[in-house]
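# Structural description and commentary
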Amino acid sequence: MKKIRIYITLMFVAVLASSAMAQLSPVDFMRNNPRASFANPATYTVDNGYFDLALGGINFGLMNNGLQYDKFFRFDGNGYPITLDLDKGVASLKNVNYLNTYLNLDIFNCGLRTKHGYFTYTHRLRETESLSFTKDLVQLIAQGNNSFLGESNPANIQLNLAARVMQEFDFGYQMALMDRLDIGVRLKFLMGFADLKANA
């Protein structure tokens, strides 16, 4: 448990530190990275051009709406998990829970500075998934149907899945109007491969 508290404290300090820097541009630390224009198309990058082919950039994310994984375990005196605690885990769930993932995989990137501005092109593969489930569904699986006996106590069982796979083509342009004033634009075209939805 002590290790978990240390970890939570470190995460809290990191969030405070990032909040304290919120007045700075989010791409200041990426000034020499051409991908800074993904966050802000008007960002000036110092290079005169770049070229990436196959896996030039990968990012992955996993998010949920408050699912606390440590609530599903019992811990020993050193803070290591020793057994599952499904009752405590089920009690910690929200009525409807969400689990979302995304993956962006760059296939081709290039950029070129000319006397008229900085032009960029990106081709990437994108994937998003969203899973939603109710607390009652997990409770039914973990504890059986004893909690839902009788007509006055129905179970709210829902499971929804949505997944999308698409290609993204985007064209960017950045130019400096004057000292400390840049403008930029990024146009995107999305072409879908697959769209899956399932409800139960």
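From a predicted model like this one, the values you see are computed outputs, not experimental measurements.

In this structure, Leu 67, Phe 72, Val 90, Leu 93, Phe 133, Leu 137 and Val 138 together form the largest nonpolar core, which totals seven residues. The contact partners of Phe 133, leaving out residues within four places of it in the chain, are Asn 95, Val 96, Asn 97, Val 138, Gln 158 and Leu 159.

A separate point is the pattern of salt bridges. Under the criterion given, the structure shown has six salt bridges. Close ionic contact of Arg 74 with Asp 85 constitutes a salt bridge, the shortest N to O distance being 3.5 Å. A residue pair is termed long-range when its members are at least 10 positions apart, and Arg 74 in strand 3 (residues 73–75) and Asp 85 in the loop between strand 4 (81–84) and helix 3 (86–92) qualify at eleven residues. On the accessibility criterion, Asp 85 (11% relative accessible area) is buried. A salt bridge links Asp 170 to Arg 186, with the nearest nitrogen and oxygen atoms 2.7 Å apart. In this pair, Asp 170 sits in strand 7 (residues 159–178) while Arg 186 sits in strand 8 (residues 181–199), placing the two residues 16 residues apart along the sequence. Grouping residues by exposure puts Asp 170 and Arg 186 together as buried.

Mapped onto the elements, Glu 168 comes out in strand 7. Overall, Glu 168 belongs to the buried group, its relative accessible area being 1%. Among the polar contacts listed, one links the side chain of Glu 168 to the side chain of Arg 126, at a separation of 2.7 Å. Ignoring sequence-local partners within four residues, the contact set of Glu 168 consists of Thr 122, His 123, Arg 124, Arg 126, Lys 188, Phe 189 and Leu 190.

This part is about the packing of aromatic side chains. Inspection of the entire model under this criterion finds five aromatic pairs. Seen from their ring centres, Phe 51 and Phe 108 are 5.3 Å apart, and the 75° between their planes marks the pair as edge-to-face. Placement of Phe 51 in strand 1 (residues 49–53) and of Phe 108 in strand 5 (residues 96–114) is noted, with a sequence separation of 57 residues between them. Residue classification places Phe 51 among the exposed residues on the basis of a relative accessible area of 55%. With 5.9 Å between their ring centres and 50° between their planes, Phe 108 and Tyr 121 make a pair best called tilted.

Bringing the pairing of strand 5 into the picture now. In regular strands, side chains alternate between the two faces of the sheet. With five bridges connecting them, strand 1 and strand 5 associate as antiparallel partners. Paired with Gly 49 across the two strands is Leu 112, which belongs to strand 5. Sheet topology places strand 2 (residues 58–64) next to strand 5; seven bridges connect them, and they run antiparallel. Counted as the bridge partner of Gly 61 is Tyr 102 from strand 5. Bridging between strand 5 and strand 6 (residues 117–134) involves 18 bridges; their strand directions are antiparallel. Each residue of the ladder has a partner; that of Asp 106, found in strand 6, is Arg 124.

Another point: the environment of Leu 99. The residue Leu 99 is located in strand 5 in this model. On the basis of relative accessible area, Leu 99 is assigned to the partly exposed category, the value being 26%.

The rules behind the values
- Residues numbered from 1 in each chain as written.
- Predicted model: local features only at pLDDT ≥ 70, side-chain atom pairs only at ≥ 80, totals over all residues.
- Heavy atoms only, no water.
- Core = buried A, V, L, I, M, F, W, Y, C linked by side-chain atoms within 4.5 Å.
- Buried < 20%, exposed > 50% of the residue type's maximum accessible area, 1.4 Å probe, protein only.
- Contact = heavy atoms within 4.5 Å.
- Salt bridge = Lys/Arg side-chain N within 4 Å of Asp/Glu carboxyl O.
- Helix = DSSP H or I, 4+ residues; strand = E, 2+ residues; numbered from the N terminus.
- Polar contact = N/O pair within 3.5 Å; in protein donor to acceptor, adjacent residues only side chain to side chain.
- Phe/Tyr/Trp six-rings, centres within 6.5 Å; stacked < 30°, edge-to-face > 60°.
- Pairing = 2+ DSSP bridges.

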